[in-house]
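# Architecture and fold: a report
Listed below are the residues making up each chain.
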Amino acid sequence: MSLSSTALGLLLLITFVAGCSDLVPDYPRREPPAGLLGDAARQEAGAALFSLHCAVCHGTPEEGRTPRADFFVPPAPDFTSATYRSADPAYLFWRIQKGKAVEPYLSGGSVMPAWGPHLSDEELWSLVAYILRRSGS
Ligand code: HEC
């Protein structure tokens, strides 16, 4: 391989990696409080908060999901999906806290409310514990 094609390959790789970093938003690394994720009482507290604030968009019709939720673009994800089993707790915390108030969600048309101004960190972590249990992890 000539030097110039190696250089071109490297350039393409750098462009690719830099392009991808836009798709994975940068969120703060944080550790959940010790023992929280498997704590049944915290999961129950999260379940109660979920029915109160989240089920209208993320729940089942039995839980109060509204027909309006079916028209959101992008759609509200279903947290019973197994893909959430391996979700990073710090990512879930950040998404619940910031909702649509950060990019790329802001310009992507998201209707996900920011819960940071309304819920304590403890409540946000309870929701994370519940979402992970809901997905079957
Ligand atoms: C008005 C409807 C609505 C309500 C209420 C709502 N959400 Fe959302 N949520 C959405 C939509 C739509 C999305 C997808 C767009 C996005 O990612 O911003 C979303 C995305 C999310 C995500 C990111 C999922 C991912 O894979 O990136 C999390 C986590 C989340 N919501 C948790 C919650 C929690 C917890 C509550 C309750 C405290 C809640 N949401 C209340 C509509 C809602």
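Above this note sits the structure.
Residue positions are given per chain, counted from 1 along the sequence in the order it is written. Whole-chain, interface and lining totals are the exception, using all residues; otherwise, since this is a predicted model, local features are given only for residues with pLDDT of at least 70 and side-chain atom pairs are given and counted only at 80 or more. Heavy atoms from the whole structure form the basis of all side-chain values; hydrogens and water molecules are not counted.

### Notes on the site of the ligand
Of all residues adjacent to the ligand, which total 24 residues, the nearest are C54, C57, H58, Y91 and M112. For this analysis, a polar contact is any N or O atom pair within 3.5 Å, provided that within protein one partner can donate a hydrogen and the other can accept it, and provided that sequence-adjacent residues contribute only side-chain to side-chain pairs. In the model, a nitrogen atom of the ligand is placed 2.8 Å from a nitrogen or oxygen of the H58 side chain. Interatomic distance of 2.7 Å between a side-chain N/O atom of R95 and an oxygen atom of the ligand. Secondary structure elements with two or more residues in the shell around the ligand: α3 (55-58), α4 (89-98) and α5 (121-134). When grouped by side-chain class, the residues that make up the shell around the ligand number 20 nonpolar, three polar and one charged. For this description, a residue counts as near a given molecule or strand if any of its non-hydrogen atoms is within 4 Å of it. Only DSSP runs of H or I with at least four residues qualify as helices, and only runs of E with at least two residues qualify as strands; both kinds are numbered from the N terminus onward. By the convention adopted, Pro, Cys, Tyr, Trp, Phe, Met, Ile, Leu, Val and Ala count as nonpolar, Lys, Arg, Asp and Glu as charged, and the other residues, Gly among them, as polar.

### Looking at the nonpolar core
Residues F50, L92, I96, L127 and V128 are the most contacted members of the largest nonpolar core, which totals 23 residues. Sorting the residues of this core by element identifies α2 (40-53), α4 and α5 as the ones contributing at least two each. With eight residues, α5 is the single largest residue contributor to this core. Residue contacts for V128: discarding those within four places in its chain leaves L37, P89, L92, F93 and I96. As used here, the term nonpolar core means buried Ala, Val, Leu, Ile, Met, Phe, Trp, Tyr and Cys residues forming a set that is joined through side-chain atoms within 4.5 Å. With a 1.4 Å probe rolled over the protein chains alone, any residue whose accessible area is under 20% of its type maximum counts as buried; one over 50% counts as exposed, and the rest are partly exposed. We call two residues in contact whenever any of their non-hydrogen atoms come within 4.5 Å of each other.

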